[in-house]
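# Residue-level structural notes
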Amino acid sequence: MRGGRLQLAESILRSYLERSPNDVEGMALLAETLAKSDRYGEASEILKRCLDIAPRFVAARHLYVTTLLTLNMRDDAFAQIDMLFRLEPENNHHHNLKAMAYAWVGDHESAAAEYEKVLAASPQEPAPYLAYAHTLRILGRKDDAVAAYRRVKKLFPKLGEPYWSLANLKTFRFDDSEILAMRDRLETVDLPHENRVQINFALGKAFGDEKEFALSFEHYKEGNALKRATLNYNAELTAVYVTNCKTLYSPNFLREKSGGGAQARDPIFVVGLPRSGSTLIEQILASHSKIEGTMELRILPYMVGRIAAKRSVTAGSGQIHRTLQTDAQAPYPEMLRNLNAAAFTALGNEYLDRARIHRVSSRPFFVDKMPDNFGHIGLIHLMLPNAKIIDARRHPLACCVSNFKQYFPLGKDFSYNLAELGRFYSDYADLMAHFDTVLPDKVHRVLYERLIDDPEREIRGLLNYLDLPFEETCLRFHETRRPIKTASSEQVRMPIFTDARDDWRVYDPWLSPLKIALGSAVAAYQGILAH
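Residues numbered from 1 in each chain as written. Predicted model: local features only at pLDDT ≥ 70, side-chain atom pairs only at ≥ 80, totals over all residues. Heavy atoms only, no water.

Turning to the packing of aromatic side chains, a few remarks are in order. One pass over the full model with this rule turns up 24 aromatic pairs. Plain terms: the ring middles of Tyr-220 and Tyr-507 are 6.2 Å apart, the flat faces sit at 75° to each other, and that makes the pair edge-to-face. Within this pair, whereas Tyr-220 is found in helix α13 (residues 213-228), its partner Tyr-507 is found in the loop between α23 (455-465) and α24 (512-518), the two being separated by 287 residues in sequence. Residues Tyr-220 and Tyr-507 agree in their burial class; the two are buried. (Phe/Tyr/Trp six-rings, centres within 6.5 Å; stacked < 30°, edge-to-face > 60°. Helix = DSSP H or I, 4+ residues; strand = E, 2+ residues; numbered from the N terminus. Buried < 20%, exposed > 50% of the residue type's maximum accessible area, 1.4 Å probe, protein only.)

Let us now look at the sheet that holds strand β1 (residues 267-272). Across the sheet, which stays open at both edges, the five strands sit in the order β2-β5-β1-β6-β7 with parallel pairing between neighbours. In this open sheet, the two edge strands, each paired with only one partner strand, are β2 (291-295) and β7 (443-447). Going from strand to strand, the sheet's axes swing by 25° on average, the running direction of each strand aside. The pairing of β2 with strand β5 (residues 365-368) spans four bridges and is parallel. In the sheet register, Glu-292 faces β5, and the bridge partner there is Phe-366. (Pairing = 2+ DSSP bridges. Axes fitted to C-alpha atoms, helices over the stretch in contact; angles between N-to-C directions.)

Here the focus is the packing of helix α14 (residues 235-248) against helix α21 (residues 418-438). For the pair α14 and α21, the least separation of the axes is 10 Å and the interaxial angle reads 5°. Comparing the axis directions of α14 and α21 gives the class roughly parallel. Together, Ala-235, Glu-236, Thr-238, Ala-239, Val-242, Cys-245 and Lys-246 of α14 and Glu-420, Arg-423, Phe-424, Asp-427, Asp-430, Leu-431 and His-434 of α21 make up the contact between the two elements. Of the residues that constitute the contact of α14 with α21, the class distribution is six nonpolar, two polar and six charged. (Parallel < 35°, antiparallel > 145°, perpendicular 65-115°, else oblique. Contact = heavy atoms within 4.5 Å. Nonpolar A, V, L, I, M, F, W, Y, C, P; charged D, E, K, R; others polar.)

Right, let's talk about the pattern of salt bridges for a bit. Following the criterion strictly, the structure yields 32 salt bridges and no others. The salt bridge involving Lys-153 is made with Glu-178; its shortest N-O contact spans 3.5 Å. On the criterion of sequence distance, the pair formed by Lys-153 in helix α9 (residues 142-155) and Glu-178 in helix α11 (residues 176-187) is long-range, its members being 25 residues apart. For the residue pair Lys-153 and Glu-178, the accessibility class agrees, reading buried in each case. With its nearest N and O atoms 3.1 Å apart, the salt bridge here joins Glu-236 to Arg-423. Taken together, the residues Glu-236 in helix α14 and Arg-423 in helix α21 connect sequence positions 187 residues apart. Classification of Glu-236 by relative accessible area gives partly exposed; the value is 42%. Several salt bridges converge on common partners, so that one network encompasses Glu-10, Arg-14, Arg-39 and Glu-42. (Salt bridge = Lys/Arg side-chain N within 4 Å of Asp/Glu carboxyl O.)

Set out below in C-alpha cells:
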C-alpha cells in the first residue's frame, strides 16, 4: 500500500481477512487501501464494522472521520470526533483532527480555536503551527498570520514553508535580516530539496520588492527548475486531451446527449488559469446577497478521476446510485459517449450532494472556483445544464509570469517551466474557443484588464449573465468578510488597484521561451481587448 500498489495490497488483505475476518488491524489497513483508491463508501463500511468490534481502536476512528468527511457526512464525522474525546479527553491529536475537520467544512474560526488548543501543548513538529498560521491567513487576520509564520521559522529554522508563506501574503515585505537568513539557508548543503525550492521562491518575491529584478528572476528560475526536476509532467498530453475534447464535444454529440442532467441552477463555476483574477471575481460574486462564495471545490476533479478509473457513480452518503456503462478501452472524456441522460442526471445530483457540505448560508447560488474545471466544461454542461460558467481571462504574459512566480505545493505541474506555461495557456485558450463555437453564450468571459479599468460596467455585465440584479455591495467587495484560501487572499481584501496589471514587464528580458510558446495567443488577446 505504501508503495502505491493498491490492487495487490487489496488482494492480499482480502485473502488474509477471509482467514481472519475479525482482525481489526487488517480491516483498518484494507479501509485505508480502499480510501487511497477513492473508494470511500466501501472504506467507511469496513471501518464501521471494525469499530463495532474494537470501539477503542483510535487510529481506525481517525481514519473513519476523514472518510466520512470525504463522503460529505459532516454530522457523522463530528459525532465520531466526540466519541474520540469521550475515549481520550486529553489526547491532543483529537484537537488537531477536529481542527482539520472544521477547516474541511469551511468553519475556519472554529478551526483556529482548535489549533490554539493544539499549540498550547507545544507540539514538536511544525505541521500544526503551519496549519494554524494558514488558517489565520484564510480568515484575513494578516498581522496574526505574520506573527504565527515568524514563530514557525524561529522554532524550525531549516524549514522553507514559513518563508514562502510570508511571501505568499503578497502585501508582506521581508526585512533585511530575513533576506540574509534565507540566503544563508541556501548555502547549507543539508537543506531538504522542497525547502530549497520554497526559499528560492520567497527570495524571488523579496528581491522583486527591492526592484532587483535580475536577481529576483534568477531565484524564481532556480526555484522553478528545482521543482520541475521532481515532476513527471508531459505537456504533450495536455495538447492531446484538448484535441480529444474538441473531437468529442461536437454539436451533434452535445445535441444527442442533451435532455438529461440535474436541473438545479445553484452552481456558478469560475474557471481559467490560476492567477487570472478568479479570486477577485469570486469575491465580487460573494458580495451579492444571492450568492455564496465557497472555495476551490475539488468535487469535479474527484468525480472525473473516478469516472476515468471506470468505477461507479456514488451519490449522497456514499451509497451506490448508478453504475456507469463505459468503454473499457476509451480514455476520459471519450468514455462519456456511452452515458445516457439518466447517468448525466446522476452525476449532476452527486455533484450537488457533495457541494452541500461546503454551503453554510441559505443563499440560492454558490461559486465553485476551481480553475482546472475549464477542462470539464462539456461534462458540466451535460450534467448541470442550467449551471453558469465564467471564464476568468488575463493577458497571457501577465498570467503566465504570475504563475511562474507562484509556488504551488501540489498540482499545477505546468507552471514550473516558461515554455510549458506558454503551451498550457495556448491549449486552454484553444479549448475555450472551441466551446465558444459549439456552446455559444454558455460561457461568460471576464477579462481582468477590463474589470480593473471599469469595474461597474464589467460587474453589471457579469450579473446580467447570471440573471441577477446589480447590487452596490459588489463594488465594495473588499468590505465582504469571508474566508479566502487562495494566494490572492490579501489582494482581494483591498479595493481594485491597477498596479499589478503590467508588473510582468520588469521580467521581459528573460521571457523569450514563454513568448515563443504562446505564439499568436498574445496578439489574439490584445485584439480582444482592443474591441
